Amino acid sequence: MVSKNEFLMVMPSRSRVQLAKRAAVLFSKCPYTICVAESEKEVYVLGGCGNVTTHPDDISGVGKIRQWVLDNFSENVIVMADDDVSHAWCSMYRSGFAITEPTAVFEILANAANVTLDLGLHVFGFSQSWDVRKYNATKPLNLCGWVGGGDWICWKNRISFFR
């Protein structure tokens, strides 16, 4: 089981204080940090974003920032999400529904991390489609293909990305 002390939600952000602040509420039951360039830290702190971590200003681009996160945090499970995430989407029933309760969001992420570990995988991503018609219940997992940019889970001790 994944415990909170080996888990970290990281939200890379650049010049989107209000979006990051809203996303931080969604992840408030997770250990989290908003990862920004050193030159932007004051703006984020003054904007009401708690738990701000900085990366060097010369690191830019989502791939390089994600690699910096993997290289500079010690938690075993790193979950990354875009700073504009407002909810988790559950594609079931007739039209699906949004999940915005922070405890439920943490439980979804912790469960996904446990499934990833149990399957011996390095990365786990969530579908970016809101359309319930695109979900195939007989094939709930896809073990090949790309992992969406919106959010993903990485077991840090197993793989390194974006080199």
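Read on for a plain summary of the structure.

Below, the discussion takes up the pairing of strand β1 (residues 7–12). With respect to burial, β1 is a largely interior element, 6 of its 6 residues being buried. Across the two faces of β1 the burial is the same, with Phe7, Met9 and Met11 and Leu8, Val10 and Pro12 all buried. In this structure, β1 lies alongside strand β4 (residues 77–81), joined through 4 bridges in parallel fashion. Counterpart to Val10 in the pairing with β4 is Met80. Sheet analysis places β1 next to strand β2 (residues 32–37), joined by 4 bridges and oriented parallel.

The element β4 is largely enclosed, with a buried count of 5 among its 5 residues. Judged by which residues are buried, β4 turns out to be covered on both faces: Val77, Val79 and Ala81 on one side and Ile78 and Met80 on the other are all buried.

Our next topic: unusual backbone geometry. A negative phi angle is the norm for most residues apart from glycine, just as the trans form is the norm for most peptide bonds. Within the chain, Ser15 stands out as a residue other than glycine whose phi angle is a positive 60°. Relative to the elements of secondary structure, Ser15 occurs in the loop between β1 and α1 (17–26). Backbone geometry places Asn51, a non-glycine residue, at a positive phi of 55°. Within the secondary structure, Asn51 sits in the loop between α2 (41–46) and β3 (52–55). With a relative accessible area of 44%, Asn51 lands in the partly exposed category.

So, how was this worked out
- Residues numbered from 1 in each chain as written.
- Predicted model: local features only at pLDDT ≥ 70, side-chain atom pairs only at ≥ 80, totals over all residues.
- Heavy atoms only, no water.
- Buried < 20%, exposed > 50% of the residue type's maximum accessible area, 1.4 Å probe, protein only.
- Helix = DSSP H or I, 4+ residues; strand = E, 2+ residues; numbered from the N terminus.
- Pairing = 2+ DSSP bridges.

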